[in-house]
Structures are given as C-alpha cells and as structure tokens.
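Inside the fold
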Amino acid sequence: MKQLDQLSRRDFIKNTAGAAAALTIPTIIPASAFGANDKVRVAVLGLNGRGKNHISGYSNLSNVELATFCDPDNNVLQKTAQEFESKSGKKVKTEQDLRRVMEDKSIDVVSIATPNHWHALATIWACQAGKDVYVEKPGSHNFAEGRKMIDAAKKYNRIVQHGVQLRSSEAMKEAVKHLRDGLIGNVYMARGLVYKWRPDIGNKGTEPVPEGLNYDLWTGPAEMKPFSRNYVHYNWHWNWNYGNGDIGNQGIHETDLCMWGLGVDTFPEKITSAGGKFLWDDCQETPEVLSSTYIYPKEKKIIEFEVRPWMTNKEDGVDIGNIFYGSEGYMVVKGYDFYETFLGRERKPGPTRKAGGDHYKNFIDAVVARDSSILNGPVETAHLSSGLAHLGNIAYRTGRALTFDPKTEKFVGDKEANAMLTRKYRAPYVVDVV
C-alpha cells in the first residue's frame, strides 16, 4: 500500500473499508485533510478527570478546533459543553456514543480520556475509522491489548500518541541524554515511586442506574455488573474490571521513565510483586501497597516500582517520580519536569534542570506532518510501559515469582498467569484488529 501522505483519504478508504466491514462501526475517513480553515478537528472522549486536561491542552493550540465532546453520562457531557461554550464562546457537538464520533467524517483526531477498560478498543476503532489518536495512560487495560494497538496503528497507518507527557518534557529529554552519556556511570537500576494521598473509599453498594447515564456504553468491553458509585465515576481505578490500581494509573509515567532511562525496549524475564490492603476495610480490590521488581538478566538491569499510600516519608524529596542508580552517582526525578544529579561518593551536586513541554502540540505536529517518527510517546510506549504494570499486577495476583519470555510475550509454563494476559470481552465491544 502507498504511504498515506501519497494518497488521499478518499483513496485510503477504498483500500481499508473492506477489511473493517465486520466491525460494529463503519470505517469512514474524513474527506478533506483537515477541517475548516486547515484546523485539525478533535473529538474528546471521556470528560471527567483527564478529559478536562485534554480540552485545556488543545484549546492552547491555534491549529486545533475542538469539534465534539463525547461521554456516556449525558449530565457530565452537557455540563462540560456548556462550560466550554461559556469560556470560549464556541459551541461543540455532543455525543453519548463514541461510535457516532467514529462515523463523523469531519473528525480528524480522537483524544481518549475514558476509563482504562475502553482505551484499547476506542484506539483500535479510531484507527480503523481513519482517525489519529491521543490515548491516555495506561494505553491498555490488559497486556494483550497493547500489541493489538500497535498492530492497528501500523495496519491503518495512523498517528497514535500515548499520554506519557513527561516524554515531551525538555528536562526529561536532557536527563535521559545524561544517562545515555554516562554522567552517573553504568546505569543498572531504576526505581519508580508513587506515594499518593489515597483515602478510604467506603462501600456504596448498588443502586439503579442514574438518569442520563448510558451504563451499557460506560461498561463497554468489561463484564456487566450492577451499577454502583463504587466505580462510577472515579474509583473504577481500584476495581480490576475497569482499572489497574496505582501502578496502572499514576505509575505508568514512572514505569515508562524507568524503561526509557535504562534504555530497555523489551519486557523483563523475572517478575516478583507483593503487597496488599493494610489500611482500609473498603471496596477497593487493587492493593493499597505494592512493591514490584523486574529483572533483565541479559541486559543486567533491574526496575523496582513502589505504590505506597497515605502518610509516608519522601525519598530524596521524591513522592511521585524516579531514581536512577549508576556506578558513578544517581539521578532523582521529581514529577514530570525536574531532575537533579549527585555524583561520586561525596554525592556532589551535578547537572539539574526544570523545564516542561507540550505533549499535545507534539502530537498535533506529527498529525499535520503525517510523520509518526516525531512522536515523543508513540504507540509502542503504550504497550511497554502499560505492559510492565500489567506484569507486576499479574505477579501480585498469582502470588508468586514469574518467568516471562519477551519474544513470545508469554509466561513460561504458567497457564494461570498466561490467562491473565487478556480478558473475556463483552459483545459487541470486542478488542481485536480486523
């Protein structure tokens, strides 16, 4: 097939429509390169939490038009649209069903800020519909979905950016260069730290579905359960059916930086993970405390990741961030945009910098250029950083040390663990690449 920049979107649909015909959504490519006035027309899917950041981020870009908001909760949808109109003076189209967004020929980009269990399917559907994608972390809800996202982006020649915004931070780029250049010597270990204020979430039981919420759409690929405010709208993070705990929430930024900083572009061979619930007698299923270790014997590298809640000390000032250890010193990363280094046995202060970046602009620049090579957080990071978190969760849930084959992306001789690499999907919301 010719490269996308060598053919029109009308030609592209002729080549891809047949392959996607089996989907429950039609494949429709925008007729023009971009929307009116040569602006990239964006639809934001999911308007709570990170969705608000997506709206803010795209609003800062002069070559972007926020065209559509989509959320299965019509109350959230209309409130957000009204707030946006009041602030910007512009109306946006509203949709409860993301499939209608995929059908809209005028939309160039979908920006996904739904709960985790929708990330992969929404990404794949968008790619099949000829739209480029910005998808929040974690890219996938389970390990197998990440590979399917890569396959979809490649098959349909789409630009897919993973929401690990620290990769667009100028300070983080400089920090990784220092690691590559040997500032702290041979870098053998990375740690990811997530010490967040996580309170008791209680147990609200079940109740009728609230008016305005399309609960079937909200549940999507996940197992259908009676409605509960235990997980709608935020605390789904702590329920395995929808979320992945903090290692798969905030922790994706840290697992991503661990892998990036160590220069590993594959999965570990040995995984151990332990933790549990020690504080609250609430309905949270994921562990409050989790310590995971990932060993790369061939590369002689090790990653340690920690979730710790409530009251805790900081480590060299880090509560959310990373620490890298080398033979000649160590590096401390705080948040998304600041690093400092300490060199030699005396821990002499070395290079340091604080500087951010614009992950949304990087994505839109790649969309306009039709060049995925300039993405700071390409779709492969959605599989690697999210996959690392999933492996840690599987080791925790099985309660034993696991051996993993990075080439086959399967556990060695462990049927139970391998079964947890994917999930049973609820029709018609099935994650696949057609």
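Okay, so let's go over this structure.

Cut-offs used in this document
- Residues numbered from 1 in each chain as written.
- Predicted model: local features only at pLDDT ≥ 70, side-chain atom pairs only at ≥ 80, totals over all residues.
- Heavy atoms only, no water.
- Buried < 20%, exposed > 50% of the residue type's maximum accessible area, 1.4 Å probe, protein only.
- Helix = DSSP H or I, 4+ residues; strand = E, 2+ residues; numbered from the N terminus.
- Right-handed = clockwise from strand over helix to strand, strands pointing away.
- Pairing = 2+ DSSP bridges.
- Contact = heavy atoms within 4.5 Å.
- Axes fitted to C-alpha atoms, helices over the stretch in contact; angles between N-to-C directions.
- Salt bridge = Lys/Arg side-chain N within 4 Å of Asp/Glu carboxyl O.
- Parallel < 35°, antiparallel > 145°, perpendicular 65-115°, else oblique.
- Nonpolar A, V, L, I, M, F, W, Y, C, P; charged D, E, K, R; others polar.
- Phe/Tyr/Trp six-rings, centres within 6.5 Å; stacked < 30°, edge-to-face > 60°.
- Lys NZ or Arg CZ within 6 Å of the ring centre and 35° of its normal.

**Quick word on the pairing of strand β2 (residues 64–70)**
With respect to burial, β2 is a largely interior element, six of its seven residues being buried. Taken together, strand β1 (residues 40–45), helix α2 (residues 50–59) and β2 constitute a β-α-β crossover, and its handedness is right-handed. Two strands pair when backbone bridges link them, and β2 and strand β3 (residues 93–95) are joined in this way by three bridges, in the parallel orientation. Within β3, the position partnered with C70 by the bridge is E95. For the handedness criterion, the β-α-β arrangement of β2, helix α3 (residues 74–88) and β3 is classed as right-handed.

**Things to note about the sheet that holds strand β8 (residues 270–276)**
Strand order across the open sheet formed by ten strands is β14-β13-β12-β11-β7-β10-β9-β8-β15-β16, with mixed pairing between neighbours. Looking at strand neighbours, the two that pair on one side only are β14 (348–354) and β16 (410–411), the edges of this open sheet. Helix α9 (residues 251–262) rests against β7 (187–196), β9 (289–296), β10 (301–309), β11 (320–326) and β12 (329–334) of the sheet, and its axis sits at about 170 degrees to β7.

**Points about the pattern of salt bridges**
Within the structure shown, the criterion is met by 32 salt bridges. Where D282 meets K277, a salt bridge forms, and the shortest distance between an N and an O atom there is 2.6 Å. Sharing partners across several salt bridges, the network here consists of R191, E304, E306, R308 and E315.

**Description of the packing of helix α6 (residues 143–155) against helix α11 (residues 379–398)**
Closest axis-to-axis distance for the α6/α11 pair is 8 Å, and the angle between their directions is 175 degrees. Judged on the interaxial angle alone, α11 and α6 are roughly antiparallel. Touching F143, G146, R147, M149, I150, A153 and K154 of α6 are V379, E380, A382, H383, G387, H390 and L391, all from α11. Looking at side-chain class alone, the contact of α6 with α11 contains seven nonpolar, four polar and three charged residues.

**A few points about the sheet that holds strand β5 (residues 132–135)**
What the six strands build is an open sheet, ordered β3-β2-β1-β4-β5-β6; its pairing is parallel. Two strands lie at the open edges of the sheet, namely β3 and β6 (160–162), each paired on one side alone. Strand-to-strand, the axes of this sheet are offset by a mean angle of 20 degrees, without reference to chain direction.

**Quick word on the environment of Y339**
Take Y339: it is sitting in strand β13 (residues 338–343). Excluding anything up to four places from it in sequence, Y339 contacts A171, M172, E174, A175, H178, M331, V332, V333, P351, T352 and R353.

**Notes on the packing of aromatic side chains**
If you walk through the whole model with that rule in mind, you get 20 aromatic pairs. Taking 5.5 Å as the distance between ring centres and 75 degrees as the angle between the ring planes, the aromatic pair formed by F143 and F404 counts as edge-to-face. Taken together, the residues span a long stretch of sequence, with F143 in helix α6 and F404 in strand β15 (residues 402–405) at a distance of 261 residues. In this pair, the class of F143 matches that of F404, namely buried. Considering the side-chain rings of Y325 and Y330, the 6.4 Å spacing of their centres and the 25 degrees angle between planes classify their relative orientation as stacked. You can call Y330 buried: its relative accessible area is 15%. Three or more aromatic residues link up through ring pairs in this structure, and these residues are Y215, W218, F227, Y231 and Y242. When the ring centre of W260 is taken as origin, the NZ or CZ atom of R167, which lies over that ring, is 4.7 Å away.

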